[in-house]
Amino acid sequence: MFENLYQFSRSRLSWLLLLLAMIAFELCALYFQHVMLLAPCVMCIYERVAMMGIAVAAAVGLCKPQNPIVRGLGLVGWIASSYKGLMLSLEHVDYQFHPSPFKTCDIFVNFPSWAPLDKWVPWMFEPSGDCSKIVWQFFELSMPQWLVIIFGASLGVSIVFTLLQLVGLKSRT
């Protein structure tokens, strides 16, 4: 079983599936924003960027998954983006379920000056919602709670894939 998972982690299909999943999640976010007219908050935008980080990592891994350096860069990006997304979504859940006037999200996104995504692509990265409001639920879970599950699962799978590389590398030497 581990050998099959190891081989799958080195295949283009695994990286393509990850990329397609992240594109699907981004399209869902845009559907919520532009069709259902749910205004994204600052935390939603940051979570969206973390999701895009996973997509970029998947694109890197997809380029040459048999190359250990390229695959390693993809895995590091995947782990880092999943972890950041998980931390952001946990913070967002905290804003929703433990509201406080002393603990609120920012009013404006804070992107680096070299990448002002909210200025370049405002229809995707400009926030207009309130982080503490629950505007959508599915199976009694809010959107940030679903993102905790999604980013947590992503982090778990990325760690398993990374461990498989280490074990696979060790057994081949």
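In this text the structure is predicted, and so the values were computed from the model without any measurement.

Here's the deal with the side chain of Ser11
Position of Ser11 among the secondary structure elements: in the loop between helix H1 (2–9) and helix H2 (12–34). A polar side-chain atom of Ser11 sits 2.7 Å from the main-chain carbonyl oxygen of Phe8.

Here's the deal with the packing of aromatic side chains
One pass over the full model with this rule turns up 10 aromatic pairs. Here the aromatic rings of Trp136 and Phe138 are separated by 6.2 Å at their centres, their planes lie at 15 degrees, and the arrangement is stacked. Here a set of aromatic residues connected by ring pairs shows up, and it is made of Tyr31, Phe32, Trp136, Phe138, Phe139 and Trp146.

Structural notes on the UniProt feature "transmembrane region" (unreviewed entry) in the protein chain
Per the UniProt annotation, the sites labelled "transmembrane region" (unreviewed entry) are residues 12–33, 45–63, 70–90 and 146–169. Annotated as 100% helix and 0% strand, the span residues 70–90 places its first and last C-alpha atoms 30 Å apart.

Remarks on the side chain of Glu47
Its location among the elements puts Glu47 in helix H3 (residues 42–63). For the buried residue Glu47, which engages in no salt bridge, the nearest side chain bearing the opposite charge is Arg48, 8.3 Å off. Among all residues touching Glu47, those that are not within four sequence positions of it are Leu88, Ser89, His92, Leu147 and Phe151.

A short note on the pattern of salt bridges
Any two side chains of opposite charge can pair, on the condition that their charged atoms come close. Throughout the structure, instances matching the rule amount to one salt bridge. Here Lys119 and Asp118 are joined by a salt bridge, their closest N and O atoms 3.2 Å apart.

So, the environment of Ser89
Looking at the element boundaries, Ser89 is found in helix H4 (residues 68–97). With residues up to four places along the chain from it excluded, the contact list for Ser89 reads Glu47, Pro144, Leu147, Val148 and Phe151.

A look at a nonpolar patch on the surface
Taken together, the side chains of Leu13, Leu16, Leu17, Leu20, Ile23 and Leu27 present a nonpolar region at the surface, about 530 Å² in accessible area. Note on Leu13: relative accessible area 48%, which makes it partly exposed.

Side note on the nonpolar core
In terms of nonpolar packing, the biggest core is built from 34 residues, with Trp15, Leu18, Met43, Tyr46, Trp78, Cys131 and Phe151 touching the most fellow members. Sorting the residues of this core by element identifies H2, H3, H4, helix H6 (122–125) and helix H7 (143–172) as the ones contributing at least two each. Counting residues per element, this core draws most heavily on H3, which supplies 11 residues. With residues near it in sequence (within four places) discarded, Phe151 still touches Glu47, Ala50, Met51, Ile54, Ser81, Ser82, Gly85, Leu86 and Ser89.

Brief notes about unusual backbone geometry
Despite not being glycine, Leu37 has its phi angle at roughly 60 degrees, a positive value. Among the secondary structure elements, Leu37 is positioned in the loop between H2 and H3. The phi torsion at Glu140 lies on the positive side, around 65 degrees, for a residue other than glycine. Judged by relative accessible area, Glu140 falls into the exposed class, the value being 71%.

Rules of the game
- Residues numbered from 1 in each chain as written.
- Predicted model: local features only at pLDDT ≥ 70, side-chain atom pairs only at ≥ 80, totals over all residues.
- Heavy atoms only, no water.
- Helix = DSSP H or I, 4+ residues; strand = E, 2+ residues; numbered from the N terminus.
- Polar contact = N/O pair within 3.5 Å; in protein donor to acceptor, adjacent residues only side chain to side chain.
- Phe/Tyr/Trp six-rings, centres within 6.5 Å; stacked < 30°, edge-to-face > 60°.
- UniProt positions renumbered as here; feature names shortened; annotations may be inferred.
- Buried < 20%, exposed > 50% of the residue type's maximum accessible area, 1.4 Å probe, protein only.
- Lys, Arg positive; Asp, Glu negative; His and termini not counted.
- Salt bridge = Lys/Arg side-chain N within 4 Å of Asp/Glu carboxyl O.
- Contact = heavy atoms within 4.5 Å.
- Patch = residues over 30% accessible without salt bridge, like charges linked within 9 Å, V, L, I, M, F, W, Y side chains within 5 Å.
- Areas by Shrake-Rupley, 256 points an atom, 1.4 Å probe, with all protein chains shown as cover.
- Core = buried A, V, L, I, M, F, W, Y, C linked by side-chain atoms within 4.5 Å.

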